[in-house]
Each structure stands twice: as structure tokens, then as C-alpha cells.
Amino acid sequence: MAFVVPAPGADLESAELRAFCRSGMASYKAPWAVEVVSELPRTNTGKMVRKDLKSSAREAVSQAMAVQAG
């Protein structure tokens, strides 16, 4: 799973980003999902809060599995 913060004014679609990654990477290296976010969670000292990203990834997996199940 990849989290992407677009540059100001950029219009990004997760499907386009996945296709771009697959075109330039080995299939096992390309992210299986891409989530476009407005900002990455950070602590007061500016470090990235990986725990929050992992939690968001788990939610995305749960939603994808629910959609597949029907």
C-alpha cells in the first residue's frame, strides 16, 4: 500500500498511480493499492506516525475484502 500526497493543484487518481507504478516496476514491487491523502500524519516534532498509516491501510484492506465478498 502506498500513501501519496499530491502537489498543490495536482489531480491524482489512485488507479492511474497504480498503473504508472506497474508500468515501471516489477509486479511484485508495485503497490497493490494507492491512497491519495491531503497530508501524512506527523508528530509534534515532524516525524511520520506510522501507526496511523498502518491503521488506515488495515481499514482499506477490510473495505476491499468486504467489496469482494459482495
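Note that the coordinates shown come from a computational prediction; the quantities given were computed from them, not determined experimentally.

Caption draft 1: Representation of the overall build of the chain in the model. Of regular secondary structure, the chain possesses two helices and two strands. Listing the helices and strands of the chain from first to last along the sequence gives β-α-β-α. C-alpha atoms of the chain, sized along the principal axes, occupy 40 × 30 × 25 Å. Out of the 70 residues belonging to the chain, those deemed buried represent 16%. A separation of at least 24 residues holds for 53% of the contacts in the chain among residues at least 6 apart in sequence. A total of about 5,600 Å² of accessible surface is found on the chain, and carbon and sulfur atoms cover 53% of it.

Caption draft 2: Local environment of the environment of Met48. Examined against the element boundaries, Met48 turns out to sit in the loop between strand S2 (34-36) and helix H2 (50-69). Note on Met48: relative accessible area 37%, which makes it partly exposed. When residues no more than four places from it in sequence are discounted, the contact partners of Met48 are Leu40, Pro41, Arg42 and Leu53.

Caption draft 3: Representation of a nonpolar patch on the surface. A cluster of nonpolar side chains, Trp32, Val61 and Met65, forms an exposed patch at the surface whose accessible area comes to about 310 Å². Looking at the secondary structure, you find Met65 in helix H2.

Caption draft 4: Summary view of H2. If you check H2, its first and last C-alpha atoms are 29 Å apart, about what 20 residues at 1.5 Å a residue would give, namely 28 Å. Among all positions of H2, only Leu53, Ser56 and Ala57 are buried. Looking straight down H2, one finds its buried side chains confined to an arc of 100°; they lie on one side. Exposed side chains of H2 directed beyond 90 degrees from the buried face belong to Lys51, Lys54, Arg58, Met65 and Ala69. Contact partners of the buried residues in H2: strand S1 (2-4) and S2.

Rules of the game
- Residues numbered from 1 in each chain as written.
- Predicted model: local features only at pLDDT ≥ 70, side-chain atom pairs only at ≥ 80, totals over all residues.
- Heavy atoms only, no water.
- Helix = DSSP H or I, 4+ residues; strand = E, 2+ residues; numbered from the N terminus.
- Buried < 20%, exposed > 50% of the residue type's maximum accessible area, 1.4 Å probe, protein only.
- Contact = heavy atoms within 4.5 Å.
- Areas by Shrake-Rupley, 256 points an atom, 1.4 Å probe, with all protein chains shown as cover.
- Patch = residues over 30% accessible without salt bridge, like charges linked within 9 Å, V, L, I, M, F, W, Y side chains within 5 Å.
- Salt bridge = Lys/Arg side-chain N within 4 Å of Asp/Glu carboxyl O.
- Expected span 1.5 Å × (residues − 1).
- Arc of directions from axis to C-beta.

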